[in-house]
Amino acid sequence: MGGFYWIASYPKSGNTWMRLMLASLIEGGAPPDFTKTMGFASAAGAVTDMDLFLDVESSDLTPVEQAELRHDLAVVTAAAATGPQFRKVHDWWGLTPAGRPLFPPQVTLGSVYLVRDPRDVAVSWAHHSGLSLDDSIAFLARPGAVVATAGRWKDQFEQRLDSWSGHVASWLAADPAPLLVPYERLSADPAGVLAQVAAHCAITASDAAIMNAVTVTRFDRLRREEETHGFELGQRRGRVFFRRGLAGGWRDTLSAAQADRIVQDHGPMMARLGYI
Amino acid sequence: MTPTVDCCAAGDGPADRTLCGLRVLSDLPLPELRPWTGDDRPADLRIRLGDVPGHLEEGLAIHPLVQVAPDGRCRFALAAVGAYLISSDGREVVIAPAPNATGDEIRTFLFGTVFAVVCHRRGLLPLHACCVQVGDKAVAFAGDSGVGKSTLAATLWTRGYPLLADDVTVVDMNGPGGPRVLPAFPRVKLWRDSLERLGRSVDGLGAVRASLDKYHLPVEEGFCATSLPLAGLVQLEKSRKVPAGIRLLPVTQGLGRLNMVLYRPRLMLRLGTQAQQMAQFLRLLGSVGGLRALRRPETPAEWDEVEALLPAVVG
C-alpha cells in the first residue's frame, strides 16, 4: 500500500521548479536531463493513469464521469503502489461532483502547497498561456476557472483552479493541512526550503545532496538547458517555459492600474499571506 | 425481467454477427459488425439483455467499475451507460442498459473493456493498437489513448491500407503458424478536429457518447475481414524528442512498454490470467522480431516516410 505526496500550486507558482529540485534530490543531486521527458511527479490529472488503473478508455467518459472517478483513481493507484508516489497538482483542493475529495485524505501522505504573489503569477500566466496581461488578471479573478478544458482529447483531465484566492483558500483548508511554501522564500533560500520540503515528504537527504540539487536547478541553469534541449510543459507554442523566475518581477511589467486591480481582486488573501 | 429500451429494440431474433472470428448472437443490435457467414456452429459469444446484479455474490469490488467473483464472473458498469456481466468462460455477456443510454454508448464499452475480458477468458491477446494490412500481412500500431492510433488508422486507410482494427487489436497466439490478427469491425473512433483534419465532416456520424464531440467513422470499403499473420508491432510515440521514422527497440525496452502495448493490462491481474498473457506477449514479441517505435507522423512528408518504411516492417 502506497500513498501520495501532492505537490500542489496554482499554475506558474514554482511547481515545476520544486519538482525538478526534488527529482534531483532523490537522485542525490543529479542534474536534470532535459533530453528526456520529466519522469518525476507526473500530473495527478493524467488520462493514461485512469485507463491503466480503472480499466476503462477514459476518453470515452464524460467530463463529469472523469471528475467523479478521480477520487477512485487515487485510491486504486495508492493500493497498487508499494511506496510513496509524488504527483503534481494544479486543481484546487475540492470535491468530485458527488462530493468526495479529489485528493482523498486516506491516501494522502502529505501535501506541499506552493504559493506566489498573484501579481507575479498574472505576468507569468500571461506569458505561458498567450493571454494579454488584462485577460490574465481577469482569469486569476474568475471563480470556477478551469484549465485543460474538456471537449476534445487531452492528456490531462479538466482541472478546476477556481480564482487564485479560491485556490489558495481551498488548499489552506485541505485535509491534511499542507506545508505552505511561498515562492518568494524558495527563491531567497532554496536550500533551507528544500530541506524543509524533503523532511515533510520523508525524503532522507544529506546537506551535500541538498546543495547539489539547489545548484543544478538554479534558474539560469534551467534556462540554459531549455535553450539547448527545449522544455515543453503546456506553454503556448514557441514560448520559453523558464522565463525570469524573479520574485517581484511584476513591478517592471504591470501598470499601476493593473497591479491595483489584482490587489482589489485578492486583497484579503494577499494580506493573509503578507503580500500587501 | 428483460429490460426493453429503444436503443436495444432487436428485430426478428438475435443479431447473427461476427467479431474477431467469433460467431456472436446478440439481443442488442450490433450494426457495425459484419453478418456471420461461417458454418452452422453454435454461438461463440452470446449477448443477452437482462438483469445484472449490483454486487456479485462474494464479488471482489476492485473499483467502482469492475468486480470479479471468485468463480471468475466479471462485472463492468458505468452508471449512465449500463452494467455488463461476463461469464467465467467468456461465452456470454449479459447487459443491463441504463435508462437513457444510447446503443452507440452501450456498444462503445461492450467493444472496449467488456470484450477485453471476453478475450482474456478465451485465451486471446488484446493489444491497445490499431491494425492495418500491409501486403498479405498485418501491422499493429500500439500506444496510450490520445497518441494518435485512430488518426494513424484512418490516414493509412485513406492511403489504401485496409483496416483490421481501430483501438483494440485482438491476436490469436494459439495457431500453429504464429500470431494472427482477428479482424474487428469497420469503424474508427475520431474526435471532431481529427476528422476535420482528414477532410471529413461529422454530419451523419454517430457520437461515441451523446455528450462527447467524438464520432464513429465507418470504413466499410477497405476493411480487411479475414485474419492475417501479425508481422510487425510498432509503438506510437508522441514526443518530438525521439528520432523520426521507425526504429527497433532493445529487448528490455520492449518488455518495459508492456503496459502501453497490451489493452487493459491490469485486467490480467484482476482475472488471474497474467501468467498466460505474459507468456503470449513474450512469444508475440519473439515472432514479430521485437517491439518497434514510431514517432507520430505529423506532416505529409512524415506520412510518406512511414509508408515507405512499412514494407521493411513486414519483411
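Caption draft 1: Examining the overall build of chain A more closely. Tallying secondary structure elements over chain A gives 11 helices and six strands in all. Relative to its length of 276 residues, chain A is compact, with a C-alpha radius of gyration of 18 Å against a globular reference of 19 Å. Its C-alpha atoms give chain A principal-axis dimensions of roughly 50 × 45 × 35 Å. Going through the 276 residues of chain A one by one, you find that 55% of them count as buried. A separation of at least 24 residues holds for 71% of the contacts in chain A among residues at least 6 apart in sequence. As displayed, chain A has an accessible area near 11100 Å², and 53% of this comes from carbon and sulfur atoms. Distance between charge centroids for chain A: 6 Å, based on 26 positive and 30 negative side chains.

Caption draft 2: Just the packing of aromatic side chains, in detail. Inspection of the entire model under this criterion finds 11 aromatic pairs over all chains. Look at B:F111 and B:F185: their rings are 4.7 Å apart centre to centre, the planes differ by 40°, and that puts the pair in the tilted class. Here B:F111 is found in helix α1 (residues 103-121), whereas its partner B:F185 is found in the loop between β14 (180-182) and β15 (187-191), with 74 residues between them in sequence. You can call B:F185 buried: its relative accessible area is 17%. An aromatic cluster of three or more residues is present, and its members are A:F4, A:W6, A:F103, A:Y113 and A:W171. In this arrangement the basic side chain of A:R116 is found over the ring face of A:Y183, its NZ or CZ atom lying 3.9 Å from the centre. Across the ring face of A:W92, the terminal group of A:R160 is positioned such that the distance to the ring centre comes to 4.1 Å.

Caption draft 3: Seen up close, helix α8 (residues 300-314) of chain B. All names here are of chain B. Here α8 contains 15 residues, and its C-alpha end-to-end distance of 22 Å stays within 8% of the 21 Å for a straight helix at 1.5 Å per residue. A308 marks where α8 bends most, by close to 25°; the proline P311 follows one to four residues later. Of the surrounding elements, those touching the buried residues of α8 are β10 (125-134), β11 (137-142), α2 (149-158), β17 (228-237), β18 (246-248) and β19 (292-295). Positive backbone phi, approximately 65°, marks G315, located one or two places after α8.

Caption draft 4: Structural context of the state of the cysteines. Residue and element names in this part refer to chain B. Overall, the coordinates contain zero disulfides over all chains when judged by the stated rule. Considering cysteine sulfurs only, C20 is the nearest to C119, which forms no disulfide, with 5.8 Å between them. For the unlinked cysteine C130, the closest cysteine sulfur is that of C131, found at 7.4 Å.

Caption draft 5: Main features of the sheet that holds strand β2 (residues 22-26) of chain B. All names here are of chain B. Read across the open sheet, the nine strands follow the order β3-β1-β2-β4-β9-β8-β7-β6-β5; overall the sheet is mixed. Every other strand in the sheet has two partners, leaving β3 (34-35) and β5 (60-63) as the edge strands with one partner each. Two strands pair when backbone bridges link them, and β2 and strand β4 (residues 45-49) are joined in this way by three bridges, in the parallel orientation. Along β4, the bridge assignment pairs S26 with I47. On top of the sheet, α1 reaches β1 (15-19), β2, β4, β6 (66-68), β7 (74-78), β8 (82-86) and β9 (92-97); it is set at about 20° to β8, its chief contact.

Caption draft 6: Inspection of the pattern of salt bridges at higher detail. Residue and element names in this part refer to chain B. Scanning the model with the defined rule gives 35 salt bridges over all chains in all. The closest approach of N and O atoms between R73 and D71, which form a salt bridge, is 2.9 Å. Where R192 meets E196, a salt bridge forms, and the shortest distance between an N and an O atom there is 3.8 Å. Taken together, the residues R192 and E196, both in helix α3 (residues 192-197) and four residues apart, mark about one turn of the helix. Taking the relative accessible area as the measure of exposure, R192 reaches 30% and is therefore partly exposed. Connected through shared salt-bridge partners, E32, D104, R107 and R187 make up one network.

Caption draft 7: Representation of the confidence of the model for chain B within the structure. Residues and elements named next belong to chain B. Of the residues in chain B, 97% have a pLDDT of 70 or more, and the chain-wide mean is 91. Under a pLDDT of 50 for its full length, residues 1-5 has, in the predicted model, seven contacts with residues more than four places off or in other chains. Listed scores for the predicted complex are pTM 0.89 and ipTM 0.90.

Caption draft 8: The arrangement of the interface of chain A and chain B in detail. The partner chain B presents 35 residues to the 28 residues of chain A that form the contact. Across the chain A/chain B interface, buried area totals approximately 2500 Å², and carbon plus sulfur atoms make up 52% of it. Where chain A touches chain B, the interface holds five salt bridges. Across the salt bridge formed by A:D60 and B:K189, the nearest N and O atoms sit 2.7 Å from each other. At the level of elements, α2 (47-54) and α3 (63-80) of chain A are the ones that each hand at least two residues to the side of chain A that touches chain B. Looking at the side of chain A that touches chain B, the element that brings in the most residues is α3(A), giving six residues. Among the residues making up the side of chain A that touches chain B, the classes are represented as 11 nonpolar, eight polar and nine charged.

Calculation notes
Residues numbered from 1 in each chain as written. Chains lettered and ligands numbered in written order. Predicted model: local features only at pLDDT ≥ 70, side-chain atom pairs only at ≥ 80, totals over all residues. Heavy atoms only, no water. Helix = DSSP H or I, 4+ residues; strand = E, 2+ residues; numbered from the N terminus. Rg over C-alpha atoms; globule rule 2.2 N^0.38 Å. Buried < 20%, exposed > 50% of the residue type's maximum accessible area, 1.4 Å probe, protein only. Contact = heavy atoms within 4.5 Å. Areas by Shrake-Rupley, 256 points an atom, 1.4 Å probe, with all protein chains shown as cover. Lys, Arg positive; Asp, Glu negative; His and termini not counted. Charge placed at Lys NZ, Arg CZ, Asp CG, Glu CD. Phe/Tyr/Trp six-rings, centres within 6.5 Å; stacked < 30°, edge-to-face > 60°. Lys NZ or Arg CZ within 6 Å of the ring centre and 35° of its normal. Expected span 1.5 Å × (residues − 1). Bend = angle between axes of the 7 residues up to and from the residue. Disulfide = S-S within 2.5 Å. Pairing = 2+ DSSP bridges. Axes fitted to C-alpha atoms, helices over the stretch in contact; angles between N-to-C directions. Salt bridge = Lys/Arg side-chain N within 4 Å of Asp/Glu carboxyl O. pLDDT = per-residue confidence, 0-100. Buried area = accessible area lost by both parts, 1.4 Å probe. Nonpolar A, V, L, I, M, F, W, Y, C, P; charged D, E, K, R; others polar.

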